[in-house]
Amino acid sequence: MQEKNKTDTAESFEEKAGRPWLKYIIAFAAVSVVSVLLMWYYGLFSGERHPTAIVLRILADSFFISGALTLCIGALVFVSRHGAFDALVYSVKYVFTLHYNHKQGIKNETFYEYKQRKSEGTKTPCLFLILIGLLFVLVAGLFSALFSHY
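Residues numbered from 1 in each chain as written. Predicted model: local features only at pLDDT ≥ 70, side-chain atom pairs only at ≥ 80, totals over all residues. Heavy atoms only, no water.

### What about the environment of Leu-135?
And step 1. Locating Leu-135 in the fold gives a position in helix H6 (residues 127-149).
And step 2. Here the alpha-carbon distance between Leu-135 and Phe-64, two residues 71 residues apart in the chain, equals 9.7 Å. (Helix = DSSP H or I, 4+ residues; strand = E, 2+ residues; numbered from the N terminus.)

See below:
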């Protein structure tokens with residue numbers, strides 16, 4: 001049974017390795033939807049005629065907000081995957097399981113053992129979030145530069 005699970009994960013990994021662009025397209029589509037929703041919120045699609053400067057400001061704001069959020073989420077995933085929050089997570093788990101494990105006679109895991117166990121796990125990819133976020137922030141910079149000319 002365990003060998004079947006290993007082959008299943010190997011097959012799914014090979015399938016995912018065959019289409020690395022898919023996560024970029026999904027992230028781009030999700031961030032684009034957020035940008036369009038922000039444009040709608042700011043009234044770009046209200047039907048009335050806006051001056052060019054206002055349109056450029058709305059576009060710059062929409063692209064910057066969605067891009068900055070995506071970039072920050074990607075950065076948080078990056079630092080989390082490299083162990084920035086391991087001490088905090090370990091201490092919270094230790095405090096909450098201390099009483100229960102003591103009653104059961106179970107020895108708590110040391111921080112070194114916890115770090116070793118965490119390093120064996122799979123790492124969550126985050127480069128696609130950072131790149132898509134940077135792309136949207138750069139587009140926002142372009143619209144902001146055009147806004148400053150008007």
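### What about a nonpolar patch on the surface?
And step 1. A contiguous nonpolar patch, built from Val-33, Val-36, Leu-37, Trp-40, Tyr-41, Tyr-42, Phe-45, Phe-64, Ile-65 and Leu-69 and spanning about 1,100 Å² of accessible area, is present on the exposed surface.
And step 2. When residues of the nonpolar patch are traced back to their parent elements, those giving at least two are helix H2 (22-41) and helix H3 (52-81).
And step 3. Counting residues per element, the nonpolar patch draws most heavily on H2, which supplies five residues.
And step 4. Along the chain, the position of Val-36 falls in helix H2. (Patch = residues over 30% accessible without salt bridge, like charges linked within 9 Å, V, L, I, M, F, W, Y side chains within 5 Å. Areas by Shrake-Rupley, 256 points an atom, 1.4 Å probe, with all protein chains shown as cover. Salt bridge = Lys/Arg side-chain N within 4 Å of Asp/Glu carboxyl O.)

### Let's talk about the packing of aromatic side chains
And step 1. In the structure shown here, the tally under the stated rule is nine aromatic pairs.
And step 2. Ring geometry for Tyr-90 against Phe-111: centres 5.3 Å apart, planes inclined by 65°, an arrangement best described as edge-to-face. With Tyr-90 in helix H4 (residues 86-104) and Phe-111 in helix H5 (residues 111-120), this pair connects stretches of sequence that are 21 residues apart. (Phe/Tyr/Trp six-rings, centres within 6.5 Å; stacked < 30°, edge-to-face > 60°.)

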